[in-house]
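Topology and contacts: notes
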Amino acid sequence: MSASSIFSYLALARKTLGFRFLNNTLLTLGLLVGLGYTSTAYSAISIVTEAKWTVFETDSFRIHYTAEYRDWAISAAHDMEAAAKTVKDHQNRDLKMKVDVVVFDPFNDSNGFAIPFSNKPIMALFATPPQSDSIISNSSSWQQLLSLHEYVHLVHIGQPSRQSFKQSLSKYWDLYDIYKSSGMPRWVTEGYATLLESKLTGRGRLFDVQVEAMLLQFAREGALPKYSELSNTSGRYQIGSMAYLVGVRYLSWLEKNYSEETLDSVWTRLRGKKSRSFNDAFKGVFLETPEYLYQRFVAEFTFNALAMQKQLEQTKPTNSSIWLNAEYDMTAPALSPNNKYLAVIESDEDKSIVLNVYQTADNKEAQDDFEKEKVELLENDPVDIGDSAPSVFKRKVEHTLQQTNFSGIRNPRWLDDDHILYGAKTIDSNGMQHQDLFQWQLSTGDVSQLTRHANLRRFDVTPTGKVIAEQTRGGYSGLISFELSQIDGSTLGEAELTKLSEFSLAHIYDFPRINPSDATQLAYLKSTHNQPWSLYITSLSNGTDSALKAMQVNMPKGYQFLSFPEWAADGKSLYFVAGVKDTLKVYEFTLATGQLMAVTHGQTTVSWPIELVQKPETDPDTNQEQQETTRLLNISVQSRGPDIFTQPLIAKNFSNITEFADVKTLSTASNNSDSPIQMPAAKLSADTSIGKEYDYHVKDQDITFVWIGSESSASIGTSEIGIKGSDLLQKTNWDINFLASSRGGLTKGVSANFTYSSLPVKFSAHVYDFELDASEQKNSSALSAESYTGYSVSANLPYLLTHGLLASYQGELSASYNAQEQTLIETTITELRHQQSWYLDKQTWGLTQSSDFTYLEGETDIASLTTTEQWNGSQGALSFGGHIFGIKLTVSEQFAKRNDSSLNLLSLGGVETNIINAKAHSNWLFSPELPFHFQTGNDYKNTTVSLNGRSSSWELYYSAPEMDDVNRAKIIGFKDSASIDMFRSGITNLEIKYGIADVQLDEDGHKIQAWLLGLYRF
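For clarity, every value in this text was computed on a predicted model and none was experimentally measured.

Remarks on the overall build of the protein
When helices and strands are tallied, the protein shows 14 helices and 52 strands. For 1018 residues, the compact-globule estimate of 2.2 N^0.38 gives 31 Å, and the C-alpha radius of gyration of the protein, at 31 Å, lies within 12% of that figure. Projected onto its principal axes, the C-alpha coordinates of the protein cover approximately 105 × 70 × 70 Å. When each of the 1018 residues of the protein is scored for burial, the buried share is 57%. In the protein, 61% of the contacts between residues at least 6 apart in sequence involve partners at least 24 apart. When the accessible surface of the protein is split by element, carbon and sulfur atoms take 51% of a total near 41700 Å². Across the protein, the centroid of the 87 positively charged side chains sits 8 Å from that of the 119 negatively charged ones.

In structure tokens form, the structure reads like this:
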């Protein structure tokens, strides 16, 4: 479900159903706290609860990790303590409580997030380091950048209120604490963390040449985001990153044009005894709104960008022209060995990803069609004026590969003219994601998985099938090689791979590139603590070197950014992109002479240089062989997205580089901050003397007050209070709930839940006692109040299938026992249940399937008849769906059957609450559109047809439930849900459901029913 749809509905809910703070709370949790070089919001995170976890506790942090991440966590602990001290010295602010930190790697990507509780703050740090072209690659070390950025979030957003009542409430109520911490726009929270990330290290996104060059290009086009767009997470190209990239520059501009103290006073005012919005806190000290001053910032930034453009226009020309237009985004171009095809990854605004293979030849067919249409236009209307010819006609797409199951497509490389290797995500049995290699055969369209959970990122491959790749595990990065002939889609073991470099936390490797004319020669990038990336060339000596002994390529003096190395077609030189003084240029390094030349001169952004050699062809008119041409292709970014440009390789337009960076002073040269307070130099440390290490234990419980409720116009409304607790990693989870107030017949109620998830089998228990007078509801068949007391215990075994077409399969086996005492009736039920779901998504089309089957055996004691009935039954659902062009149609069939009972055991209608838990009431068929006990019987059927978006949680649906072959209601409605499942007891297992429906009742016409339900799911 999109954030915008949640928030728009919750804004309405605040007015109509009394949920006053849920929208701000979800906004804070979902959007404000990630490192976020993408706009990903982490509402659900996989934690392997059954693993053995260890804690390293320092003065300010409790760091949680499994054995694989111990080295990373211990080293990062030093960076965390340094961050706490540095931020304290700089801000005169700190955290009074220790920060709980979880170190893991759920996505095999570089990111992290913070949850800014004022009383029990949390950071989650992902160990995989960033690659050279990432906008978060400019750092002294990944551990330092990540630790500092997330810690700043906690200090900035999670400062306690100086209003004593508010802070006391925050101490005991998690949801209120998060709500209280909200209120600042996303551009403020992310921009300020990025500002300090840069000021306190001299690196970071404020000083990143690639970022600056892109924003300068946007400014020249008049395309910097409007203030109203600055916090957006989706929309036009790169808008999701603007909260960081433009936000930090705006905040830096405010500090320089006013003062650091003036900006800092905004944060002080936001936590005052007097309640203020961000706009009020800002305007009170700046005397203007943030939107008004932002306009001035944009004007100055744009003026500087245009002045810089005039200077660059005086440099040597590049004679570049557009070669291929992208619709939205494109990356990672790769030419086929015969140079007839170019593979490139393209994506759209909805994050649909394809790998397109284009012909490199001009699209003469498209050109002819254009001319033909123009002639026909003028024949029909001689005075009309036809369209101007485009700068380039779109090249013909020869092949297209759609991503499968949202796994992405990365780093395509050609094996030969008919096979492309590429990277995509896979999921292991614990739900953790990995990057693996796949092979696509163009002539057949067949795709095969080559590795399994190998964590391989960028790679290269020789025509004979030798792969050299960067591999990351536990935060360690290194280069490996293996032969395709030795693998078959299984896990790479020591026998199959050769380590080409040491694996280290202090180094990051990227862009291995094999010389096309000498397969023993390898170029690669390497990052070292406190220094920018460096480019190396080495001889592999038959591929058996255990450590690379390489030549470091000279870089232009003052460079900061370095990425995208690619060999020339003849293997005699190497292209790459480096950034100096806010400009990006393509450089060429010649092996024989060591000469370094600037091929482009900074007039535009550049990335992914690649040499295109078009072989001689026979001219059909003259029957003469044409001359071979060599041109440079590169991607250049504009505000509407990137395109591929081409330029002739004319030596006289190159610039000879004679001043080179001094490798001995790179660490000092890369520090751009004038702040007198900065983080210490990054270093790798295994020193544990700064803390103590011990086994994680569930006895350390996090307990919070909870207040949540449900409102259904068809049945009841409740307000429930209680306490909820869990350990940090959710191995245990429990709550106790009491009914505070109600409407519609629930007159009293209490319940308790407990789950234990430290083993592969999950155990849970639920006890309850409530009284429901369903006769107070309209259209209910109930006659009087009933009391319900009972308990439920269950054991659940979730499992995943992780290979081939079944890689999206999720299943769960469970067994449960329920006992209930109702007025004059006692019931016990034993259940065996299996649930599963599966999907196949090819973006343009997809299939979904799910099933749920339960077998029940029960015993009912009827006091008034002094008799006992033994019965059995089954219930479940079967669902099939498919989508095409973004619209999904699903048909579901639900059923429930009870045998050998004189009573009507099944009851249709009503809503779940914390106290009325569906797991404990097997005979209740909950339906929020209908009142409790709307229909009773022993044979239930319901067919539901629903429409929604391809990956949306909302549904437009129609259903017509039947009980004992009688249908009393036909339902047309809209419904949606959202859930949070991460850390801290107050926000874990939280589920929000809402909807509205037109219910056609046979006896009472149409009824419009609406519901908004909040509960903790156990």
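Concerning the sheet that holds strand β9 (residues 353-359)
Within the open sheet, the 4 strands sit side by side as β7-β8-β9-β10. Their pairing is antiparallel. In this open sheet, the two edge strands, each paired with only one partner strand, are β7 (329-335) and β10 (397-402). Averaged over all pairs of adjacent strands, the angle between strand axes in this sheet comes to 20°, irrespective of strand direction. The pairing of β9 with β10 spans 5 bridges and is antiparallel. In the sheet register, L355 faces β10, and the bridge partner there is L401.

Side note on the environment of A83
As for its placement among the helices and strands, A83 is situated in helix α3 (residues 70-91). Exposure remark for A83: the relative accessible area of 0% places this residue in the buried category. The sequence separation of A83 and A740 amounts to 657 residues, and the corresponding C-alpha distance is 44 Å. Setting aside residues up to four positions removed in sequence, A83 forms contacts with S147, L148, Y151 and M679.

Points about a negative patch on the surface
Taken together, the side chains of E365, D368, D369, E371, E373, E376, E379 and D387 make up a negatively charged region of the molecular surface. Among the secondary structure elements, D387 is positioned in the loop between α13 (364-380) and β10. The exposure class assigned to D387 is exposed, which follows from its relative accessible area of 60%.

What about the pattern of salt bridges?
Across all of its chains, the model carries 39 salt bridges by this definition. Its salt-bridge partner being K52, residue D695 comes within 2.9 Å of it at the nearest N-O pair. Linking D695 in strand β31 (residues 692-695) with K52 in the loop between α2 (22-31) and β1 (54-57), this pair joins segments that are 643 residues apart in sequence. By relative accessible area, D695 is classed as partly exposed at 49%. Residue R458 is joined to D133 by a salt bridge in which the shortest nitrogen-to-oxygen separation is 2.8 Å. In this pair, R458 is assigned in strand β15 (residues 456-461) and D133 in the loop between β5 (122-126) and α4 (142-157), connecting sequence segments 325 residues apart. Accessibility assignment for this pair places R458 and D133 in one class, buried. One network of salt bridges, with partners in common, ties together R413, D460, R513 and E566.

Some words on the pairing of strand β38 (residues 810-822)
Both strand β37 (residues 786-800) and β38 contribute to a ladder of 13 bridges, which runs antiparallel. The residue of β38 that forms the bridge with S792 is N818. Bridge count between β38 and strand β39 (residues 825-841): 13 bridges; the pairing is antiparallel. Residue pairing for β39: Y817 is matched across the bridge by T830.

Topic: the domain arrangement of the protein
Taken domain by domain, the protein holds domain 1 (1-38), domain 2 (184-315) and domain 3 (701-1016). Placing a centre on the C-alpha atoms of domain 2 and another on those of domain 3 gives a separation of 47 Å.

With respect to the nonpolar core
I63, M123 and F278 are the most contacted members of the largest nonpolar core, which totals 84 residues. In contact with I63, other than residues within four places in its own chain, are T54, V55, F56, A73, A77, M80, V101 and V103. Counting residues in each nonpolar core, the second largest holds 67 residues, with L324, L355, A598 and W608 among its members.

Description of the pairing of strand β33 (residues 717-726)
Across the 10 residues that make up β33, a large majority, 8, are buried. Inspection of the sheet shows strand β32 (residues 702-712) paired to β33 by 10 bridges, in the antiparallel sense. Within the sheet, the bridge partner assigned to V706 lies in β33 and is G722. Two successive antiparallel strands, β32 and β33, enclose a turn made up of 4 residues. Where β33 lies against strand β34 (residues 732-743), 10 bridges are found, and the strand directions are antiparallel. When the sheet's bridge partners are listed, G725 is paired in β34 with W734.

Side note on the packing of aromatic side chains
What the rule picks out here adds up to 45 aromatic pairs. Where W187 meets F278, the ring centres are 6.0 Å apart and the plane angle is 85°; that geometry is what we call edge-to-face. A residue pair is termed long-range when its members are at least 10 positions apart, and W187 in helix α7 (residues 186-199) and F278 in helix α11 (residues 278-286) qualify at 91 residues. Its relative accessible area of 1% is what places W187 among the buried residues. Among the aromatic residues, those joined into a ring-pair cluster are W187, Y227, Y250, W253, Y258, F278, F282, F286, Y294, F297 and F301. Seen from the ring of F503, K499 lies directly overhead, with NZ or CZ sitting 5.2 Å from the centre. Over the aromatic face of F934 sits the side chain of R968, whose NZ or CZ is 4.1 Å from the ring centroid.

Some thoughts on a nonpolar patch on the surface
Together, I703, W707, I721, I723, I736 and F738 make up an exposed nonpolar region whose accessible area comes to about 520 Å². Contributing elements (two or more residues each) for the nonpolar patch: β32, β33 and β34. Locating I723 in the fold gives a position in strand β33. I723 gets classed as partly exposed once you look at its relative accessible area, which sits at 38%.

Side note on the sheet that holds strand β13 (residues 433-441)
Reading across the sheet, the 4 strands line up as β11-β12-β13-β14 and stay open at both edges, with antiparallel pairing between neighbours. Both outer strands of the open sheet, β11 (410-416) and β14 (447-449), are each paired with one neighbouring strand and no more. Looking at each pair of strands side by side, their axes are set apart by 35° on average, direction ignored. Two elements, β11 and strand β12 (residues 419-427), share 4 bridges in a ladder whose sense is antiparallel.

Observations regarding the confidence of the model for the protein
On average, residues of the protein carry a pLDDT of 90, and 92% of them reach 70 or more. Segment residues 1-43 is flagged for pLDDT under 50; beyond a separation of four residues in sequence, or across chains, it makes 119 contacts in the model.

Looking at the packing of helix α10 (residues 260-270) against α11
Orientation of α10 relative to α11, taken along the N-to-C sense of each, is 140°, at an axis distance of 9 Å. Taken together, the axis directions place α10 and α11 in an arrangement best described as oblique. Regarding α10 and α11, the two cross each other, and that crossing is right-handed. Across the interface between the two elements, T262, L263, S265, V266, W267, R269 and L270 of α10 pack against F278, D280, A281, F282, G284, V285 and F286 of α11. Counted by class, the contact of α10 with α11 contains 9 nonpolar, 3 polar and 2 charged residues.

Some words on the packing of α3 against α4
Close contact between α3 and α4 brings their axes to 8 Å; oriented N to C, the two are set at 45°. It follows that α3 is oblique to α4 by the angle criterion. Crossing of α3 over α4 shows right-handed handedness. Each of W72, S75, A76, D79, M80, A83, A84 and V87 in α3 lies in contact with α4, whose residues at this interface are W142, Q143, Q144, L146, S147, L148, Y151, V152 and V155. For the contact of α3 with α4, the residue count by class is 12 nonpolar, 4 polar and 1 charged.

Here we look at unusual backbone geometry
The phi dihedral of N92 is positive, around 55°, even though this residue is not glycine. Tracing the backbone shows N92 in the loop between α3 and β3 (99-104). Relative accessible area serves as the criterion here: at 61%, N92 is assigned to the exposed category.

Concerning the side chain of Q210
Relative to the elements of secondary structure, Q210 occurs in helix α8 (residues 209-220). The class of Q210 is buried, set by a relative accessible area of 15%. Among residues more than four places away in sequence, those in contact with Q210 are D133, S134, I135, F561, F564 and L584.

The rules we used
Residues numbered from 1 in each chain as written. Predicted model: local features only at pLDDT ≥ 70, side-chain atom pairs only at ≥ 80, totals over all residues. Heavy atoms only, no water. Helix = DSSP H or I, 4+ residues; strand = E, 2+ residues; numbered from the N terminus. Rg over C-alpha atoms; globule rule 2.2 N^0.38 Å. Buried < 20%, exposed > 50% of the residue type's maximum accessible area, 1.4 Å probe, protein only. Contact = heavy atoms within 4.5 Å. Areas by Shrake-Rupley, 256 points an atom, 1.4 Å probe, with all protein chains shown as cover. Lys, Arg positive; Asp, Glu negative; His and termini not counted. Charge placed at Lys NZ, Arg CZ, Asp CG, Glu CD. Pairing = 2+ DSSP bridges. Axes fitted to C-alpha atoms, helices over the stretch in contact; angles between N-to-C directions. Patch = residues over 30% accessible without salt bridge, like charges linked within 9 Å, V, L, I, M, F, W, Y side chains within 5 Å. Salt bridge = Lys/Arg side-chain N within 4 Å of Asp/Glu carboxyl O. Domains from an automatic or database assignment. Core = buried A, V, L, I, M, F, W, Y, C linked by side-chain atoms within 4.5 Å. Phe/Tyr/Trp six-rings, centres within 6.5 Å; stacked < 30°, edge-to-face > 60°. Lys NZ or Arg CZ within 6 Å of the ring centre and 35° of its normal. pLDDT = per-residue confidence, 0-100. Parallel < 35°, antiparallel > 145°, perpendicular 65-115°, else oblique. Left-handed = near helix turned anticlockwise from the far one by under 90°. Nonpolar A, V, L, I, M, F, W, Y, C, P; charged D, E, K, R; others polar.

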